[in-house]
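# Working through the structure, step by step
Listed here are the chains, written in short residue letters.
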Amino acid sequence: MPVFNGDQFLDETLVSLLTQGGPFRLDVFVHDGGSTDGTVSKLKSWKTRVESKQWLAQCEDLTFQFSSGPDNGMYDAVAKAFAALRPGDRDVMTYLNSDDMLTPNAIRFAVAKFQAFPEVKWLTGRPCGPRK
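Residues numbered from 1 in each chain as written. Predicted model: local features only at pLDDT ≥ 70, side-chain atom pairs only at ≥ 80, totals over all residues. Heavy atoms only, no water.

### With respect to helix H2 (residues 39-51)
Applicable threshold: Runs of H or I in DSSP of at least four residues are treated as helices and runs of E of at least two as strands, each being numbered from the N terminus. Residue count minus one, scaled by 1.5 Å, sets the expected span of a helix. Under the scheme applied here, a residue whose accessible area is under 20% of the maximum for its type counts as buried, over 50% as exposed, and between as partly exposed, the area being computed with a 1.4 Å probe on protein chains only. Note that the arc is defined by the directions from the helix axis to the C-beta atoms.
Given a rise of 1.5 Å per residue, 13 residues ought to cover 18 Å, and the 18 Å separating the end C-alpha atoms of H2 matches this to within 8%. Buried residues of H2: Thr 39, Leu 43, Trp 46 and Val 50, and no others. Projected onto a plane normal to the axis of H2, the buried residues spread over an arc of 65° and lie on a single side. Within H2, the exposed residues directed more than 90 degrees away from the buried face are Ser 41, Lys 44 and Glu 51.

Given below as structure tokens:
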């Protein structure tokens, strides 16, 4: 997840991600571009919650990591996060912007489709409109 000064929506976005449940492992990596608001503080709090099991995973396993430092924009931040996760050949990768949300069971749905149709290499969602 790329973020820069995303304090306003970060909690709601992370809840939509971290409440995804199903038969999969969820490795979350957030790269912050050097925010000057409360973003880094929130990321530290979320990392503590996940690592201390205060946040109960609804998937098979859940990890949460973040980094903070200058980047060259959103796509550079996504690349940094993907590189930090070091995905394997069978891993499914995605990113969620820090002001977006996943609907319940979105990841479960995607995992099921990739399993049912191994020839499929790309899935996309449908935008639902701006946050109010």
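### Here's the deal with the pairing of strand E2 (residues 22-32)
Selection criterion: Strands are labelled as partners when DSSP assigns at least two bridges between them. With strands facing away from the observer, any crossover in which the path from the first strand over the helix to the second runs clockwise is taken as right-handed.
The buried count for E2 comes to eight of eleven residues, which makes it a mostly enclosed element. Sheet analysis places strand E1 (residues 2-3) next to E2, joined by two bridges and oriented parallel. Within E2, the position partnered with Val 3 by the bridge is Asp 32. Running through helix H1 (residues 7-18), the crossover from E1 to the neighbouring parallel element E2 is right-handed. Where E2 lies against strand E3 (residues 59-68), nine bridges are found, and the strand directions are parallel. Opposite Asp 32, over in E3, you have Ser 68 as the bridge partner.

### Topic: the sheet that holds E3
What counts is decided by this rule: The contact rule is simple, with two residues in contact once any of their heavy atoms fall within 4.5 Å. All axes are obtained by fitting lines to C-alpha atoms, using only the stretch in contact for helices, and the reported angles, taken between N-to-C directions, cover 0 to 180 degrees.
Reading across from one edge, E1-E2-E3 is the order of the three strands in this open sheet, with parallel pairing throughout. Edge strands, defined here as strands with exactly one partner in the open sheet, are E1 and E3. Helix-sheet contacts for H1 involve E1, E2 and E3, and the interaxial angle to E2 is about 155°. The strands touched by H2 within the sheet are E1, E2 and E3, with E3 carrying the most contacts at an inclination of about 150°.

### Details of unusual backbone geometry
We note that Asn 5 has phi near 50°; this positive angle belongs to a residue other than glycine. As for its position among the elements, Asn 5 is in the loop between E1 and H1. Of note in the backbone geometry, Asn 105 takes a positive phi value of approximately 70° without being a glycine. Mapped onto the fold, Asn 105 is located in the loop between helix H3 (74-85) and helix H4 (106-116).

### Re the nonpolar core
The line we're drawing: In this description, a nonpolar core means a group of buried Ala, Val, Leu, Ile, Met, Phe, Trp, Tyr and Cys residues linked to one another through side-chain atoms lying within 4.5 Å.
Of all hydrophobic cores here, the largest spans 20 residues; its most connected members are Leu 14, Leu 18, Leu 26, Val 28, Leu 62 and Phe 64. Elements that contribute at least two residues to this core include exactly H1, E2, H2, E3 and H4. With sequence-adjacent residues up to four places away left out, Leu 62 is seen in contact with Leu 18, Leu 26, Val 28, Val 50, Trp 55 and Ala 57.

### A short note on the layout of surface pockets
Basically, it comes down to this: Put simply, the grid is 1 Å and covers the protein atoms alone, a cavity is a trapped set of points that fit a 1.4 Å probe, a pocket is an open set with protein on both sides within 12 Å along at least five of seven lines, and lining residues have an atom within 4 Å of a point. Grid points are joined across faces, edges and corners, and a volume is the space filled by probe spheres set on the points. Basically, the charged four are Asp, Glu, Lys and Arg, the nonpolar ten are Ala, Val, Leu, Ile, Met, Phe, Trp, Tyr, Cys and Pro, and anything else, Gly included, counts as polar.
Here the largest pocket defines a volume of roughly 2,200 Å³. In this structure, the largest pocket is lined by 48 residues; those nearest its centre are Val 92, Met 93, Thr 94, Ile 107 and Ala 110. Every element with two or more residues in the lining of the largest pocket is listed here: E2, H3 and H4. Of the residues belonging to the lining of the largest pocket, the class tally is 30 nonpolar, seven polar and eleven charged.

### With respect to the packing of aromatic side chains
Note the cut-off: Stacked, tilted and edge-to-face pairs are distinguished by plane angle, under 30 degrees for stacked and over 60 for edge-to-face with tilted covering the rest, among Phe, Tyr and Trp rings (Trp via its six-membered ring) whose centres lie within 6.5 Å. Working rule: Lys NZ or Arg CZ, within 6 Å of ring centre, within 35 degrees of ring normal, means a charge sits over the ring.
Counted according to the given criterion, the structure contains one aromatic pair. Consider the rings of Trp 46 and Trp 55, whose centres lie 5.2 Å apart with planes at 70°: the pair is edge-to-face. Among the residues examined, Trp 55 registers a relative accessible area of 19% and is labelled buried. The ring of Trp 46 carries Arg 49 above its face, with NZ or CZ at 4.0 Å from the centroid.

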